[in-house]
Amino acid sequence: MLYTDSSRGRSFAKDPAVVWYAGRYLMYYSIPAYGDGRPGDGLAIGIAESQDLEAWRRIGEIAPQADYEKNGLCAPGALVHDGRLHLFYQMYGNGPRDAICHAVSDDGLHFVRNATNPIIRPSGAWNCGRAIDADVVVDGERLLLYWATRDPAMRVQMLGVSGAPLGSAFGRDDWVQLCEGSILAPELAWEQECIEAPAVCRHDGRFYMFYGGAYNCMPQQIGCAVSDDGVLWKRLSAEPFQPNGPAGAWNACESGHPYVFEDRDGRTHLFYQGSADKGQTWYLSRVELGWGPAGPQIMAGSVR
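Per chain, residues are indexed from 1 in the order of the written sequence. Totals for whole chains, interfaces and linings use every residue, but because this is a predicted model, local features are given only for residues with pLDDT of at least 70 and side-chain atom pairs only at 80 or more, for both listing and counting. Where side-chain values are given, they derive from all heavy atoms of the structure, hydrogens and water being excluded.

Undergrad: Sorry if this is basic, but what is going on with unusual backbone geometry here?
TA: A negative phi angle is the norm for most residues apart from glycine, just as the trans form is the norm for most peptide bonds. Residues N117 and P118 are joined by a peptide bond in cis, for which omega reads -5°. Examined against the element boundaries, P118 turns out to sit in the loop between β8 (111-113) and β9 (132-139). Unlike most non-glycine residues, A22 shows phi in positive territory, near 55°. Strands here mean DSSP runs of E at least two residues long; helices mean DSSP runs of H or I at least four residues long; both are numbered from the N terminus. Within the fold, A22 resides in the loop between β1 (14-21) and β2 (24-31). Look at A22 and you get exposed, because its relative accessible area is 58%. The cut-offs for exposure are 20% and 50% of the maximum accessible area for each residue type, with area from a 1.4 Å probe on protein chains only; residues under the lower value are buried, those over the upper are exposed, and the others partly exposed.

This is the structure:
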């Protein structure tokens, strides 16, 4: 699988999120602005469908609509719950005022925004108040929402988490911040000044998080951490779980912004973005994950 979106005149698809809904796989991803001066232009969310996770076809997009989205929206996280598809995404282009929003759909194509948007902005002196890169995972009777933020100087990117009752409307007042500091911040040399794009799943009673280390094309590479409660995390290795590719490869400049998807048959797939030209073009791909005593591993023959 190598997928990109050319609707804006360039090959560009970033920040994937994948679900099975209404008899098909749906993938949501970031697409750029047209950049030609048209009203309401900004980053948007593309939508593609597939029957096999390999061949994808673009079928629509979610464009800026509400006033708080007027500068753009992107980086979706997706959840199917009680027969509806929930999308958690970020506002874009507002610096430290970027925040997480929520919308819901009955067909996967048309979304109704949460009336309380934006639903999450972090609190505390340790961060700048910005929240981006939403990802969600069910934990019993609550939903955990992971987000990235920056320090007050807007230099170092790191992660936090909030929780809401699973039976709630996921509105602003339903969320409680579960951390008083970052749950994962850059420490390793290859992570440089950035940990972002948390992608969380559960396996055998533990939480596993895949994340992007380093800013785009620095190169960004994918790491992995484990947790017993979804809040306290420990890295599985000091080395990247999925590194960037060699010179000339589609992901030579980055393997980043992961998303973990557990299919109906129990198989686990790791989607991620890559670039070969310092971000001029972006493609999406995936590898299949296996599980062993030490945690997840990329299955032989699945490496891209």
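Undergrad: Explain the pattern of salt bridges here, please?
TA: Charged atoms that come close allow side chains of opposite charge to pair. We define a salt bridge as a contact between a side-chain nitrogen of Lys or Arg and a carboxyl oxygen of Asp or Glu at a distance within 4 Å. Inspection of the entire model under this criterion finds 19 salt bridges. Residues R155 and E193 are paired through a salt bridge, measuring 2.2 Å at the closest nitrogen-oxygen approach. You can see R155 sitting in the loop between β10 (142-150) and β11 (157-165) and its partner E193 sitting in the loop between β12 (176-177) and β13 (195-203), a full 38 residues away along the chain. We classify E193 as partly exposed; its relative accessible area is 32%. Each of the salt bridges in this network shares a partner with another, and the network as a whole consists of D5, R8, R58 and E61.

Undergrad: Just checking my understanding: could you explain the side chain of R113 for this structure?
TA: Among the structural elements, R113 can be located in strand β8. Any pair of N or O atoms that falls within 3.5 Å is considered a polar contact. Within protein, one atom must be able to donate a hydrogen and the other to accept it, and sequence-neighbouring residues count only if both atoms are side-chain atoms. Polar contacts involving the side chain of R113 include one to the main-chain carbonyl oxygen of A63, which spans 3.1 Å. Contacts: residue pairs with any heavy atoms within 4.5 Å of one another. With near-sequence residues (within four places) excluded, R113 lies in contact with I62, A63, Q65, Y68, E69, L73, Y89, H102 and A103.

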